[in-house]
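These are the residues of each chain, in order.
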Amino acid sequence: MESKEHSFAEEAASTLPKRGLLHIWQSGGPSEPLSPERVLLSQCVLQVALGEHHGLLLAQGGHVYSFGELLWRGLSVPPSAPLLEVSLRGTTVVHVACGGFHCGALSEQGGMYMWGENTAGQCGPTEGDADSNVTVADPYPLAVVDNEVVPPSMVRIVDLACGREHSLALSAQNELWAWGSGCQLGLVTSNFPVWKPQKVEHLAGRHVIQVACGAYHSLALVRCLHPENPNTPKPQERRGSQRDEAFASDDAHYCPLGVELTESMTAEASARRRSRQRLWPAGISHESQAHLCPYSCSISDNKENVLLAGTEIEPDEHADPLTQTDSCTTSYPLPALTDKKKPALPNELELHNLLQKLSGHSLEMQHSRRLGDADSLSSQTSDDSYVSSTPSNELLHTRCENYLTFSDVVRSSSLVGLEEGSPWKKKIMLEHKSSSLKDINQKGKTGTRRCSLPGTPTHATPRRQQHFSSKPSSVSEDGLPSLKTEVWSWGRGSEGQLGHGDQLARLQPLCIKCLTGEEVIKVAAGSHHSLALTAQCQVYSWGSNMCGQLGHVNSPVTVPQQAKLSDGLRAWDVSAGQSHSLLLADGECDQPLLLYCGQQQEPRSKQSETSCRGARSCQRSPNRAESYTVRPTLMPFCMEMGYISSVCSGGQRCALLANHIIIGVISAIHELASIERRFYYWLSSLRKLLLMPLFNKESACPSLGDPCTRLFLSLYKSFVHLSILIGQHSTSLTHFLHNVLRRDVASLHLLTHIQHFLDIYTEYCTVVGDFQVMGGFQLLHKLSLECLGSKQTKLFELDLSVSGDADLGSLLYWPLQQLQQYNRVLLKLEACYDVLTTEYQYLHQSCVQYEHLSAILLRRKKEAEVTFIFWKTHSGKNTEGLRLPQRRVLCESSNRTLTLQGAGRFSNHWFILFNDALVHIQFSTHRVYPVNLLWVKPLPENDSGCYAIKMSCPEETFILVASTPQEKNKWLHFLNQEVDRVLSGGGQGSSPGITAMSRTASYTFTGEGQFKDAQYTGSWLAGRVHGRGTMRWQDGRTYTGNFKNGLEDGYGECMIPDKLLNKAGCYQGHWRDGKIHGFGIYRYATGEVYEGCFNEGQRHGYGMLRSGKMDKTSSGVFIGQWVCDKRTGYGVYDDITRGEKYIGMWLDDERHGSAVVVTQYSVYYEGNFRENKMNGLGLLVSDDDTAFHGEFYEDWTVNGKGILSLANGDTLEGHFSGEWSAGLKVDGIYTKQAADEIEDKDRNNFLRLGRYVVAADERWVCVFDECWRRLGCDVADRGERTTAWENIAVCISSARQHSPDLSRYQSKVLECLECIPHHADAVTTTNYDNIRKYLAKACETPIHPLGWLVETLVTVYRMTYLGVESNHRLLREAVKEVQAYVKHFYSIVRFLFPGLPDDGSVLPDTPISPCRIRYSSFTEEPSFVSVVSCSTLLLPLLLPQLYQPLFMLYCLHDEQQEAQYWERILRLNKQPDQSLLSFLGVQQKFWPMWMSVLGEKKQIVSSSKDVSFGCAVETLQQISTTFTPSEKLLVIQNTFEELTQEIKPTQDGDFLWCMDDLLPLFLYIVLRARIRNLGAEVSLIEDLMDPNVQHGELGLMFTTLKACYMQIQMESMI
């Protein structure tokens, strides 16, 4: 081992560092001069840890050094020459910890290394037989594994603490892990030692910040749980059971801590004590023979008997006086030592050699050890016992102040000891008044045992039951350290070191209630006492005070008591040793002060005498030190150490880390921390002395009044926010100073959270100013005199700059001086860096911001003071209503320096400029003009010397006249300054010039006009509403949309209530000059909905009105043209109630002119209407083809001459009168059709429809006019083409901006349409395709004018020809209407693309074109001609959406022929292929002989069906899936090509079709295709086919298909 280790001398360098210097000395006060020993190390020391007789150093670079009595190696290393831990070379260590006799270290990756004594498992399992390793000589990695997750994972450790026989580790998830032996582990187990780290389940789910280990107790600093946090573990209510009742009556003998000792555990305890004696040489520690059992349970006759807490025990007469203690406790060994038949160690010789080696220590060390353990003697006798020899003190209940922002913490209700006053404990105590151990044993034989007490958590892990989210840090959500903390303690407590008000032990962590709310930021544990440091620089101590280590003489010591520090001292670091405590504090000087409390160092002669006397004494109670300090005392040598960054204590030693360099960054940061700690102490004191008593005083509200009461509550809340921020910041600075050598100045929270600091200070200053303006300080002063009384003098002692008779305003404004302190310290830090460094830039920017805020807040303070004086001077009824908390006075004209232009000689005009409004007071009235709606314009001076300022407001404009040019400039300055401040504060983000004209604000109109009493919120321009906004009237009207020059203009939504119907109408659409104008949707309160165009507030142009519902008597839909809010022009009205549809002309809301009426009973009428009635000639056709042509008088009523034609061809001509549905009176001639007459041409001419209908070109003119208007043309085909394209681009761009929910495809289409294509050039085959693609995208986008046109045409077409009134007699008109659509549409397209030729013209270049027409049908080299056709260009855009109503009319028109066709199709398809081919007359040379089935070639037999020409049949079937004639013709062409491809291989040479061969074969294809409604398909193609292809090859193919259809219908075929 010695060959592997290097001494310090070999590692030390010639030059020593000036930072991180370590000094060590023996504990003792200033009674005798001390000379701390300096450790000469070449590297900077980052941390030091001290144990009982050894220590660890962590140097820069992660190196670890050891010194002291290294018993596990048999070495004694002086502190001046520490020993490098060679095995940790290569591992970057970031933290070290020392226990009583073992060590620990943490690596940068979160790994843990342990070494030293391992008799209690405190170092964890090692290699080989873990039970046999009494010591671990070298650092050994110890893994912490979380087995609760799947798969198990390694836990990263961030903090480590060690006691005498246990170790605690804090994970990055802020969970606590423990291993070793004793109740100080806090584990729910009865098997010790615990070799592997286990999670402390009682703290699972809580955020543990820090841990500390005493000799046999543990402390944890835990963040408070918020009561509203769903992860807060709620205490489980324990209900009484029969078992509990039996326990309460019979089971009187149980361990108050819930642990039973078995025989094996008893043997283990005694053997472990022997193991400790073998490890220590005889004479070094005689007190170790009295080492106590961590369970603190009494053992008698090797039976499981547990002593009841509070029971007195009589000493045994035969007991050994040297080993008997007040509680008769025992110790325990390792499990391997419990078997007497086996040797204690695998190699007894090795153990013997080890003991001989350890016994070579000098007697001086024995005396040193014995004297050093003077206080620990109590721990090994009465201190370590669970049962105290003195009665337990009752728990001290302290009142914790309730913070405004803090919530009560849900505390665990688990009980780990017996509470005083417990009913079931009292019952047991009454039954067992005797303290005889024999009686207890006898009674224990009949009672049942319990393993835990009520409320003790079970082994169920809270993490498994409920998942908790925690951060691996001690900071709160805003990144600053949390002050809402609790202190939890557990372990042995016979000296009160647990702080629960008694001397009982705790098996599991329990919260120290009196420290909750005290803002503890650090805990420290000595051997038998505990310390807690708060954010207010106060130190609480409790536990053993034999040597004065608590720093006070208060009683009881079993609860935390505040240490007595000298005035002006503020502690910011604590450390606890065996019988002493060290404190670092701030004083009046620039350096930290070192304070000591505990045992004083005695003269050496006296020490020797005391040592000898202690060796002869055998008393069991601890010896009180003869000399010790009562309160923390200053160590004089600390001023010579330089800057002390941290202190450490352990055993009887003390250590500190210091820096010789006091100036620079460290000095500035320490000054900042000291200032912040002092400021936080001041805030806490002010809150405690003044604000909290006033806040809790019930009579404060009546005394302050309602306004000031609300302001005081806001002030108190803001003060608490500021106090919390300063407390968190001071704590973070303290943590920063502890690791100042490893921290970056850029990580200071004053820099990283600068906006948070600025907001908190701004909020506080604003609230204080508002309170002052309302006269709150005077009221508060009177109230404080009543509330504080004699404490009034203490209040003004908080600030030395404030005299006793000063007001509270100066005291509450004092926090603003802290901003100047920030600025001063940041300037010091800034001077420590080069100008080009990042740190300098960061510090400089922050310094500028704090300086700027300080100037602003001081100016606001002055404004508040001036405003208070103003209100105090000008108090009265006229001004009382103007007094608001947030209002400040800037300028006023009480001396007539400013007046109104044109004012009378005796008039009185008083103008007051506040920070939010300009007030004009005239006698007893006043007008308030908001500053944000003031437009200020200076007027040029005229010859009369008028110094005028023009003021523009939302409802008026007036001119102010100043008395002098200076007065004018002053008012201009204040007015412009406030306007700019208000607007910039509103986050407008515009430049000053633009901001001054365009603003966003709210205003309520008061003057006469259309906006009277309306409230507006939105954009303004030069005093008028302009832009987007919302206007709300008192009658319920609401408009939200665009305004222009003070009126509604653009798109907007308006709600218009109807008081009679108790409903509201709604309009969504365009406005112009305050009226509805343009396209929009109006939902009336009556239920009607109008969607269409408006003009000057009236329905004008195209529009659709839906009135009523299906269950109403007046339900109907009108779509058509409107003029001046009346239906005038062409339109369609669907009367849903009567089942009639009117298609025709209107005039002044009445049917007038040519029209068609169809009913749901298939009655068709066309004729003239006048004054909303049928009047004049007309044609009426019923569903059975009975027709009447004559004169009509009223609806469905004839009166006059006419001809009645019956379905069989007979006619009746004469005079008719009567209603059509009721019966007709006839006076005329009846003519019967001849039997041999085949065709009645007169009847066909008589039934010729369309004579009285509106021409197709005259229909829906209003729709096309609206499209022209959207393009910017008032008249069709007349306008600027450039303007039209600009309007299109504006529509597309506006839609993209105001439609955020567009899909990706829609956004891409709009992006393409936003670009204006080339439209002025002549169209060629090159750019023709681009035009076609543009039109396709435009027509599928309703935002585009062409897209709106297509969508509207589809709507009106479906409205006209769909529904229950659909009549096949409308087919011709439907076809004409489609052709008219194409014609009008093409005129608009040619207006946009003037390069397009006329319909049917040839494009200039003809090689390749999308439209190719073949004129030579059966030639091998066909010629191509590029022809532009409006139908070819536009039908693909229109017909797919019009196909359904149009094709339905075709089917209804040819319904009988279709029925015959389909019946014959079904009959003929029953035949096999060859039979059908033979029947149709197809030559056998065209018959297919082979067919392909799954790739195999098979011969066609006579019974085969549907196997011949399958490809051609499938191709022809696709005709039903197409919409346009061109697509259907392409399907026919592909069918012929497929047929030719199948026939060609069977023919020789060049094959050409002849009609005689083609027609039968194609007839077979048609029959096998089984196309439903083939007649409708043929008629649609024939009607809408491009005339240019009728005589070409496609025309011939279509003629063949039509011939096949007609052939199938012929009788001769069957």
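Peer 1: I'd like to hear about the packing of helix H35 (residues 1525–1543) against helix H38 (residues 1593–1609), residue by residue, with values.
Peer 2: For any two helices packed against each other, one specifies the crossing angle of their axes together with the interaxial distance. At a minimum axis separation of 10 Å, H35 and H38 run at an interaxial angle of 85 degrees. As judged from the angle between their axes, H35 and H38 are roughly perpendicular. Two secondary-structure elements touch here, H35 through Leu 1529, Ile 1532, Gln 1533 and Phe 1536 and H38 through Glu 1593, Leu 1594, Met 1597, Phe 1598, Thr 1600 and Leu 1601. Class assignment for the residues of the contact of H35 with H38 results in seven nonpolar, two polar and one charged.

Peer 1: Account for the sheet that holds strand S25 (residues 561–562), with residues named and values stated.
Peer 2: A sheet is described by the order of its strands in space; here four strands give the open sequence S22-S23-S24-S25, paired in antiparallel fashion. Each edge of the sheet is formed by a strand with only one pairing partner; in this case those strands are strand S22 (520–525) and S25. Inspection of the sheet shows strand S23 (residues 529–534) paired to strand S24 (residues 539–543) by five bridges, in the antiparallel sense. Of the residues in S24, the one forming a bridge with Leu 533 is Val 539.

Peer 1: Tell me about the sheet that holds strand S26 (residues 570–576), residues and numbers included.
Peer 2: Read from one edge to the other, the open sheet built from four strands follows the order S26-S27-S28-S29, with strand pairing classed as antiparallel. Taken across any chain shown, the strands that pair with only one partner, and hence form the sheet edges, are S26 and strand S29 (633–634). Both strand S28 (residues 593–598) and S29 contribute to a ladder of two bridges, which runs antiparallel. When the sheet's bridge partners are listed, Leu 595 is paired in S29 with Leu 634. Relative to S26, helix H11 (residues 665–696) is tilted by about 105 degrees, and along the sheet it contacts S26 and strand S27 (580–586).

Peer 1: Kindly report on the pattern of salt bridges, identifying the contributing residues and their values.
Peer 2: A complete count under the given rule lists 40 salt bridges for this structure. Between Asp 1210 and Lys 1232 there is a salt bridge whose closest N-O contact spans 3.6 Å. Taken as a pair, Asp 1210 in the loop between strand S56 (1197–1205) and strand S57 (1211–1219) and Lys 1232 in the loop between strand S58 (1225–1231) and helix H24 (1241–1246) lie far apart in primary sequence, 22 residues in all. Residue Lys 1232 is classed as exposed on the basis of its relative accessible area, which comes to 60%. Sharing partners across several salt bridges, the network here consists of Arg 73, Glu 85 and Asp 138.

Peer 1: Outline helix H36 (residues 1555–1569), supporting the account with residue identities and numerical values.
Peer 2: A rise of 1.5 Å per residue sets the reference length of H36, with its 15 residues, at 21 Å; its end C-alpha atoms lie 20 Å apart and thus fit the reference within 8%. Burial analysis of H36 places twelve of its 15 residues in the buried class, the great majority of the element. Along H36, the residues classified as buried are Asp 1557, Leu 1558, Pro 1560, Leu 1561, Phe 1562, Leu 1563, Tyr 1564, Ile 1565, Val 1566, Leu 1567, Arg 1568 and Ala 1569. Looking at the buried residues of H36, the elements they touch are helix H32 (1455–1468), helix H33 (1473–1480), helix H34 (1510–1517), H35, helix H37 (1574–1584) and H38.

Peer 1: Let's hear about the nonpolar core: which residues, and what values?
Peer 2: If you look at the biggest cluster of nonpolar residues, it comprises 113 residues, and the most contacted ones within it are Leu 594, Ile 644, Leu 656, Tyr 761, Tyr 822 and Tyr 850. Sorting elements by how many residues they give to this core places H11 first, with 15 residues. One finds Trp 1260, Trp 1348, Phe 1385 and Phe 1391 within the second-largest nonpolar core, a separate group that totals 83 residues.

Peer 1: I'd like to hear about the state of the cysteines, residue by residue, with values.
Peer 2: Using the criterion set out here, one finds zero disulfides in the structure. Here Cys 648 stays unpaired: no disulfide links it, and the sulfur of Cys 98, its closest cysteine neighbor, is 7.7 Å away.

Peer 1: Residues and numbers for the packing of aromatic side chains, please.
Peer 2: All told, the structure shown has 58 aromatic pairs when counted by the stated rule. Ring centres of Phe 1188 and Trp 1220 lie 6.5 Å apart, and the angle between their planes is 45 degrees; this geometry places the pair in the tilted category. Residue Phe 1188 is found in strand S55 (residues 1187–1194), and its partner Trp 1220 is found in the loop between S57 and S58; the two are separated by 32 residues along the sequence. Judged by relative accessible area, Phe 1188 falls into the buried class, the value being 0%. Looking at Trp 1220, the relative accessible area reads 22%, which means it is partly exposed. A centroid spacing of 6.0 Å and a plane angle of 70 degrees characterise the contact between Tyr 1357 and Tyr 1381, whose relative ring orientation is edge-to-face.

Reading the values: the criteria
- Residues numbered from 1 in each chain as written.
- Predicted model: local features only at pLDDT ≥ 70, side-chain atom pairs only at ≥ 80, totals over all residues.
- Heavy atoms only, no water.
- Axes fitted to C-alpha atoms, helices over the stretch in contact; angles between N-to-C directions.
- Helix = DSSP H or I, 4+ residues; strand = E, 2+ residues; numbered from the N terminus.
- Parallel < 35°, antiparallel > 145°, perpendicular 65-115°, else oblique.
- Contact = heavy atoms within 4.5 Å.
- Nonpolar A, V, L, I, M, F, W, Y, C, P; charged D, E, K, R; others polar.
- Pairing = 2+ DSSP bridges.
- Salt bridge = Lys/Arg side-chain N within 4 Å of Asp/Glu carboxyl O.
- Buried < 20%, exposed > 50% of the residue type's maximum accessible area, 1.4 Å probe, protein only.
- Expected span 1.5 Å × (residues − 1).
- Core = buried A, V, L, I, M, F, W, Y, C linked by side-chain atoms within 4.5 Å.
- Disulfide = S-S within 2.5 Å.
- Phe/Tyr/Trp six-rings, centres within 6.5 Å; stacked < 30°, edge-to-face > 60°.

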